[in-house]
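A look at the structure
Given next are the chains, with one letter for each unit.
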Amino acid sequence: MTFTANSQLPDLFPQNLEGSPNHTDGCMPTLGSELVYTQEGTGRYVTFYCQHSELLGLNPKQIVNQSHEDKVFVPVDNGAYLERLHRILNTLVPEKFQCWFSCCQKLLEFELVISPMIPPLGTAATTVLVMGRFLQVAGRKSPAEDLAVNVLGDQVRTEPYHKLVNKITRNIRRTLDLDVIWQQTVDSLGKTLGLERCIICPYQPSSSRVQVIAEYHHPERGSMLGREIDVTSEPAFAKALATLEPVVMEMSRYNLSPPDKILVVATCYQDQANGLIAITIKDEFHPLTDAELELAKEFADQLGTAIAHATLYKELEAARQKAEAASRLKSEFLANVSHEIRTPLNGMIGFLKLILEGMADDPQEQHQFICEAHYLSIHLLHIINDILDIAKIEAGKMELACSAVKLNDLFQDVENFVRPQAESRNLSFQMQMLPTSDEIIVHGNYQRLLQVMLNLVNNAIKFTQEGSINVSADLVLKKAKFQNQEFPGMVRVKVADTGIGVSLDQQDKLFQLFSQVDGSRTRQYGGTGLGLVISQKLIEAMGGEVHFYSLGEGLGATVTFTVPLYQQPVLVAADVNTSPP
């Protein structure tokens, strides 16, 4: 199918066109057609206007004044033409048809709409108004004239398309909404050119498949919206992307409509394809000229630039929103951290002041105040350490020296630290190791692994009012590789509690820096919210992963982390998990 603008019949026809030979154009240009003339039933031209008179070699005055013997502009089948003209004058019903005219030893084809000019009441119609558009030229005499007429035909045929391209590009420049740009483009092309189908697919170099995201199609044709197309299996799509030139080709698999040819044009920006436009081509239309193909490429370049600008704007807007959200989270985090630091510091100052002012009645009470101050100082130290750790991690200065670590020693130290705290809250605390005949040795940094386990277990105790906390370990005997070193498997440590849990829609916040499920300063549970984030970063630095599981609020939570297995132990039981971590 060629790019062909549809001419539409005006709602009102002028009925006061003078019949003098001097009215060769008059108000004709205002009717918006390429060819406009009035004609009597005898065939005599009363007025004549042609938008491309100079290019076609037409002289309007000569045509109006032409004699019966010397016809300058006359239908090839003049008899059939006059018969149709008389029928229109008698029936007063307009007709639309295609007609060849002879002019200057050339044949010009026009699509015409002939309408009777309604006379006063009581009189018969004697004049018609003819409006037409140029279709093609034939009948050249010489190579020189043939070349000239080819250029002429290209200019006349592509002029409406230039107007269409300008109109579409003006419209898409008014918005930065990609969905609007895509749909406006296919609608403008489809409606203006009377297409059977026009589709647009955004393209990413990283993928070999494109999806139809905007479509215009004839009501009788099925929709392709949302369909995926593999560009590697469609030569037209692949060639258009490779050459960035318009491609006309038969479809091998995805017939867009009954015609078996399509025009595919890749939209691009800075020589990088970012989309594809596919238009059906009907067999009855003439082949596309070089001028039309060049115009299609120009339009695709304009659209590609608009898509690139809209995409950039969308990315900038998303980055702005993300930066604003991060700024809000940091402000909230700083407010929470300042509160967390001030609380133990105020407690320490208060207890020490009581001692200095002699408010302790006896040595036992003084010792109790000192112990409370010491506990608060340790708590404050942990908060500061967390802040320093996350600062190092964000700056990329966290360096870990990994070596062989005995899992039993790690578990024993964790139990010594946290069991008294768990029992003071009347919580059941259990630690389970795999039954093995030798030591389970992992590859990691002992102090950082201890820090991670204490973080996870302390969190479990903090968020559990009643019930139990269970710490266990199992093996994943699947070879793993980290930092060019191969390990026989992974050890998976699990910390499960029966605490408050986390709702499904809030779990994505747990591993976001400076984000907390409850970020208000008056929240029931204290803390900076950095524990899980720091644990995740440390475990990833040692070649493992951290995962969080909870079925919802009030349903408890389970946190797991993996660490490389230094050497495979000899197992007593055969119950070994072989699934990936």
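Our structure's up above, just so we're on the same page.
For the structure given in this document, a descriptive report is provided here.

Each value, and the rule that gives it
Per chain, residue numbering runs from 1 following the sequence as it is written. In keeping with the predicted nature of the model, local features appear solely for residues at pLDDT of at least 70, side-chain atom pairs appear and are counted solely at 80 or more, and the whole-chain, interface and lining totals rest on all residues. Excluded from the side-chain calculations are hydrogens and water; all other atoms, namely the structure's heavy atoms, are used. Labels follow the DSSP assignment, with helices taken as runs of H or I lasting at least four residues and strands as runs of E lasting at least two, numbered in each case from the N terminus. Only protein chains enter the accessibility calculation, which uses a 1.4 Å probe. A residue is then buried if its area is under 20% of the maximum for its type, exposed if over 50%, and partly exposed in between. We get accessible surface area from the Shrake-Rupley algorithm with a probe of 1.4 Å; when it comes to residues, only the shown protein chains can shield them. Pairs of strands are assigned from DSSP output, requiring at least two bridges between the strands. Simply put, an axis is a line fit to the C-alpha atoms, just over the touching stretch for a helix, and the angle between two N-to-C directions goes from 0 to 180 degrees. In this scheme, roughly parallel covers angles under 35 degrees and roughly antiparallel covers those over 145, while 65 to 115 is roughly perpendicular and the rest are oblique. Helix crossings are classified by the rotation of the near helix relative to the far one: an anticlockwise turn of less than a right angle makes the crossing left-handed, while a clockwise turn makes it right-handed. By definition in these notes, contact holds between two residues if any of their heavy atoms fall within 4.5 Å. Residue classes follow a fixed rule: Ala, Val, Leu, Ile, Met, Phe, Trp, Tyr, Cys and Pro count as nonpolar, while Asp, Glu, Lys and Arg count as charged, and any other residue, Gly among them, counts as polar. Helix span is expected to be 1.5 Å times the residue number reduced by one. Each C-beta atom gives one direction from the helix axis, and the arc is the one those directions make. The patch calculation keeps residues exceeding 30% relative accessible area without a salt bridge and links them within 9 Å when they carry like charges or within 5 Å when they are nonpolar (Val, Leu, Ile, Met, Phe, Trp, Tyr). Here, a salt bridge means any Lys or Arg side-chain nitrogen found within 4 Å of an Asp or Glu carboxyl oxygen. The charge count treats Lys and Arg as positive and Asp and Glu as negative. His and the chain ends do not count. Charge positions are represented by NZ for Lys, CZ for Arg, CG for Asp and CD for Glu.

**Here we look at the overall build of the protein**
Each helix and strand in the protein was counted, giving 11 helices and 22 strands. Looking at the protein as a whole, 44% of its 581 residues qualify as buried. Split by element, the accessible area of the protein, about 30,600 Å² in all, is 51% carbon and sulfur.

**Considerations on the pairing of strand 12 (residues 261–269)**
Of all 9 residues in strand 12, 7 are buried, a share of seventy percent or more. Here strand 12 runs beside strand 13 (residues 272–281); their pairing, made up of 9 bridges, is antiparallel. Counted as the bridge partner of isoleucine 262 is threonine 280 from strand 13. The turn linking strand 12 back onto strand 13 is made up of 2 residues, and glutamine 270 within it adopts a positive phi angle of 55°.

**Brief notes about the packing of helix 10 (residues 446–462) against helix 11 (residues 531–541)**
Axis angle and axis distance: for two packed helices, these are the angle between their axes and the distance between the axes, and together they describe the pair. Viewed as axis vectors pointing N to C, helix 10 and helix 11 meet at an angle of 150°, and their least axial separation amounts to 10 Å. On the basis of the axis angle, helix 10 is roughly antiparallel to helix 11. Of the two possible hands of crossing, helix 10 and helix 11 adopt the one that is left-handed. Facing helix 10, whose interface residues are Arg448, Leu449, Gln451, Val452, Asn455, Leu456 and Asn459, helix 11 presents Gly531, Leu532, Ile534, Ser535, Leu538 and Ile539. Among the residues making up the contact of helix 10 with helix 11, the classes are represented as 7 nonpolar, 5 polar and 1 charged.

**Looking at the environment of lysine 96**
Mapped onto the elements, lysine 96 comes out in strand 4 (residues 95–103). The exposure class assigned to lysine 96 is exposed, which follows from its relative accessible area of 52%. Lysine 96 sits 36 residues away from glycine 132 along the chain, and the two C-alpha atoms are 9.2 Å apart. Excluding its chain neighbours within four sequence positions, the residues that come into contact with lysine 96 are Glu111, Leu112 and Val113.

**A look at unusual backbone geometry**
The phi dihedral of asparagine 426 is positive, around 60°, even though this residue is not glycine. Secondary-structure assignment places asparagine 426 in the loop between helix 9 (407–424) and strand 15 (428–432). Of note in this structure, asparagine 484 is not a glycine but carries a positive phi near 60°. Mapped onto the elements, asparagine 484 comes out in the loop between strand 18 (480–482) and strand 19 (485–487).

**Considering helix 3 (residues 78–91)**
The end-to-end C-alpha distance of helix 3, which contains 14 residues, comes to 20 Å, matching closely the 20 Å that a straight helix rising 1.5 Å per residue would cover. Turning to helix 3, its buried residues are Tyr81, Leu82, Leu85, Ile88 and Leu89. Seen from one end, helix 3 has its buried residues packed into an arc of 120°, which puts them on one side. The outward face of helix 3, more than 90 degrees from its buried face, is lined by the exposed residues Glu83 and Asn90. Downstream of helix 3 by one or two residues, leucine 92 has phi in the positive range, about 60°.

**Considerations on the pairing of strand 22 (residues 557–567)**
With 8 of 11 residues buried, strand 22 lies mostly within the body of the structure. Sheet topology note: the strand 16 (residues 441–444)/strand 22 ladder contains 2 bridges and is antiparallel. If you follow isoleucine 441 over to strand 22, its bridge partner there is glutamine 567. Note that strand 20 (residues 490–497) and strand 22 share 8 bridges and pair antiparallel. Directly across from aspartate 497, in strand 22, lies its bridge partner alanine 557. Where strand 21 (residues 546–549) lies against strand 22, 4 bridges are found, and the strand directions are antiparallel. Looking at strand 22, one finds that phenylalanine 548 is bridged to valine 559.

**A look at a negative patch on the surface**
A cluster of acidic side chains, namely Glu245, Asp290, Glu294 and Glu298, defines a negative patch on the protein surface. Structurally, aspartate 290 is set in helix 7 (residues 290–356).

**Comments concerning the side chain of serine 535**
Along the chain, serine 535 turns up in helix 11. Apart from residues lying up to four places away in sequence, serine 535 is in contact with Val452, Asn455, Leu456 and Val546.

**A look at the packing of helix 9 against helix 10**
In contact at an axis separation of 10 Å, helix 9 and helix 10 are set at 30° when each is read in the N-to-C sense. Of the possible angle classes, the one that applies to helix 9 and helix 10 is roughly parallel. Of the two possible hands of crossing, helix 9 and helix 10 adopt the one that is right-handed. Residue-level inspection shows Asp409, Leu410, Phe411, Asp413, Val414, Phe417, Val418, Gln421 and Ala422 of helix 9 in contact with helix 10, the latter providing Tyr446, Leu449, Leu450, Met453, Leu454, Val457, Asn458 and Ile461.

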